[in-house]
Amino acid sequence: MIDHFNLPVRDMIASRAFYDAVLGALGVGVLAEDGDAIGYGSDRWAFGLVPDAGGTPLHVGFRAGSRAAVEAFYRAGLASGGRCNGAPGLRAEYGDGYYACYLHDPDGHNVEAVFRG
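Residues numbered from 1 in each chain as written. Predicted model: local features only at pLDDT ≥ 70, side-chain atom pairs only at ≥ 80, totals over all residues. Heavy atoms only, no water.

S.K.: Explanation requested: the overall build of the protein in the structure shown.
M.R.: When you go through the protein residue by residue, the secondary structure sums to 2 helices and 8 strands. Each helix and strand of the protein, placed in order from N terminus to C terminus, yields the pattern β-α-β-β-β-β-α-β-β-β. For 117 residues, the compact-globule formula gives about 13 Å, and the C-alpha radius of gyration of the protein, at 14 Å, lands near that figure. By the burial criterion, 39% of the 117 residues in the protein qualify as buried. Considering only residue pairs separated by 6 or more positions, the protein has 53% of its internal contacts joining residues 24 or more positions apart. Element-wise, carbon and sulfur atoms account for 52% of the exposed surface of the protein, whose accessible area totals about 6,200 Å². Within the protein, the 14 negative side-chain charges are centred at a point lying 7 Å from the centre of the 9 positive side-chain charges. (Helix = DSSP H or I, 4+ residues; strand = E, 2+ residues; numbered from the N terminus. Rg over C-alpha atoms; globule rule 2.2 N^0.38 Å. Buried < 20%, exposed > 50% of the residue type's maximum accessible area, 1.4 Å probe, protein only. Contact = heavy atoms within 4.5 Å. Areas by Shrake-Rupley, 256 points an atom, 1.4 Å probe, with all protein chains shown as cover. Lys, Arg positive; Asp, Glu negative; His and termini not counted. Charge placed at Lys NZ, Arg CZ, Asp CG, Glu CD.)

Have a look at this one:
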């Protein structure tokens, strides 16, 4: 349903290090840079970082291919400056087999990796 999404961030350097790590754990990397914007995806720009002076934190959920990928996302995020907002585990309130973790990125956005298996 969504073609692409750009996330406003205050510190492009810190945010790029964080998203390079967590999205790399999901097999996604930088595809393009457009001025100050950075685009990630596996075959097209699907998620981007754009400069912002600050604002309301957002929630973004990234699809993971396995429980192990959710755990790798979590470890990579913590190692690159993210803060725990929910360790990897089953979240039965969201459905059978919903396995996810949550991190706060350098701007306080709540980022999730989820495997629906």
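Don't stop here, the text continues.
S.K.: Looking at this structure, I do not really get the packing of helix α1 (residues 12-24) against helix α2 (residues 67-79). What am I missing?
M.R.: Relative orientation and spacing of two packed helices are given, respectively, by the angle between their axes and the distance between those axes. The contact between α1 and α2 brings their axes to 7 Å, and the two run at 160°. Taken together, the axes of α1 and α2 lie roughly antiparallel to each other. The handedness of the crossing between α1 and α2 comes out as right-handed. Between α1 and α2, the contacting residues are Phe18, Ala21 and Val22 on the first element and Phe73, Ala76 and Gly77 on the second. (Axes fitted to C-alpha atoms, helices over the stretch in contact; angles between N-to-C directions. Parallel < 35°, antiparallel > 145°, perpendicular 65-115°, else oblique. Left-handed = near helix turned anticlockwise from the far one by under 90°.)

S.K.: Sorry if this is basic, but what is going on with the environment of glycine 55 here?
M.R.: For glycine 55, the location among the structural elements is in the loop between β4 (47-51) and β5 (59-63). Linking glycine 55 and proline 8, residues 47 residues apart in sequence, is a C-alpha distance of 8.2 Å.

S.K.: So what exactly am I meant to see when it comes to the environment of proline 88 here?
M.R.: Counting through the fold element by element, proline 88 comes out in strand β6 (residues 83-90). Assessed through its relative accessible area of 25%, proline 88 is described here as partly exposed. Taking C-alpha positions, proline 88 is 4.2 Å from cysteine 101, a pair spaced 13 residues apart along the chain.

S.K.: I tried to follow the side chain of serine 15 on my own but got confused; where do I start?
M.R.: In this fold, serine 15 is placed in helix α1. Excluding its chain neighbours within four sequence positions, the residues that come into contact with serine 15 are Val9, Leu49, Pro106 and Asp107.

S.K.: What is the right way to read the sheet that holds strand β7 (residues 98-104) from this model?
M.R.: Hydrogen bonds along the backbone pair up the strands of a sheet, which may run parallel or antiparallel. What the 4 strands build is an open sheet, ordered β5-β8-β7-β6; its pairing is mixed. Among the strands making up the open sheet, the edge pair consists of β5 and β6. Direction aside, neighbouring strands of the sheet carry axes that sit 15° apart on average. Where α1 meets the sheet, it contacts β5, β7 and β8 (110-116), and its direction lies at approximately 170° from that of β7. Where α2 meets the sheet, its contacts fall on β5, β6, β7 and β8, and the angle it forms with β7 comes to roughly 10°. (Pairing = 2+ DSSP bridges.)

Purely spatial values, then, with no claim about function.
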